[in-house]
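# Examining the three-dimensional arrangement
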Amino acid sequence: MSTTATTYESQRTSKAPVSSLNTADEMQPVDDLTKYVKTYARNNPGTAALWCLGIGFIVGWKLKPW
């Protein structure tokens, strides 16, 4: 019975606290998306330009003043 308590205590104390996690382990979706879009635009400049043109056309059409 004492070995179970000792094993439990060693497992409980060996875990790192949540506050000591590195920032590299945390999820950063905005940075990841930005990095992905930049990489895609560098590899496919024509397609990226057409996407920007299309999105700009739709936004401009929706925001027209009249």
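Conventions used here
- Residues numbered from 1 in each chain as written.
- Predicted model: local features only at pLDDT ≥ 70, side-chain atom pairs only at ≥ 80, totals over all residues.
- Heavy atoms only, no water.
- Helix = DSSP H or I, 4+ residues; strand = E, 2+ residues; numbered from the N terminus.
- Buried < 20%, exposed > 50% of the residue type's maximum accessible area, 1.4 Å probe, protein only.
- Areas by Shrake-Rupley, 256 points an atom, 1.4 Å probe, with all protein chains shown as cover.
- Axes fitted to C-alpha atoms, helices over the stretch in contact; angles between N-to-C directions.
- Contact = heavy atoms within 4.5 Å.
- Nonpolar A, V, L, I, M, F, W, Y, C, P; charged D, E, K, R; others polar.
- Patch = residues over 30% accessible without salt bridge, like charges linked within 9 Å, V, L, I, M, F, W, Y side chains within 5 Å.
- Salt bridge = Lys/Arg side-chain N within 4 Å of Asp/Glu carboxyl O.
- Phe/Tyr/Trp six-rings, centres within 6.5 Å; stacked < 30°, edge-to-face > 60°.
- Lys NZ or Arg CZ within 6 Å of the ring centre and 35° of its normal.

## Some words on the overall build of the protein chain
Counting its regular elements, the protein chain contains 3 helices and 0 strands. Taken from the N to the C terminus, the helices and strands of the protein chain come in the order α-α-α. Looking at the protein chain as a whole, 2% of its 66 residues qualify as buried. Put simply, the protein chain shows about 6,600 Å² of open surface, and 66% of that area lies on carbon and sulfur atoms.

## Details of the packing of helix 2 (residues 29–43) against helix 3 (residues 45–62)
In contact at an axis separation of 5 Å, helix 2 and helix 3 are set at 120 degrees when each is read in the N-to-C sense. Of the residues in helix 3, those in contact with Y40, A41, R42 and N43 of helix 2 are P45, T47 and A48. A per-class count over the contact of helix 2 with helix 3 returns 4 nonpolar, 2 polar and 1 charged.

## Quick look at a nonpolar patch on the surface
A cluster of nonpolar side chains, L33, Y36, V37 and Y40, forms an exposed patch at the surface whose accessible area comes to about 410 Å². Positionally, L33 belongs in helix 2.

## Digging into the packing of aromatic side chains
A complete count under the given rule lists 1 aromatic pair for this structure. K62 extends its terminal NZ or CZ atom over the ring of W61, reaching a point 4.7 Å from the ring centre.

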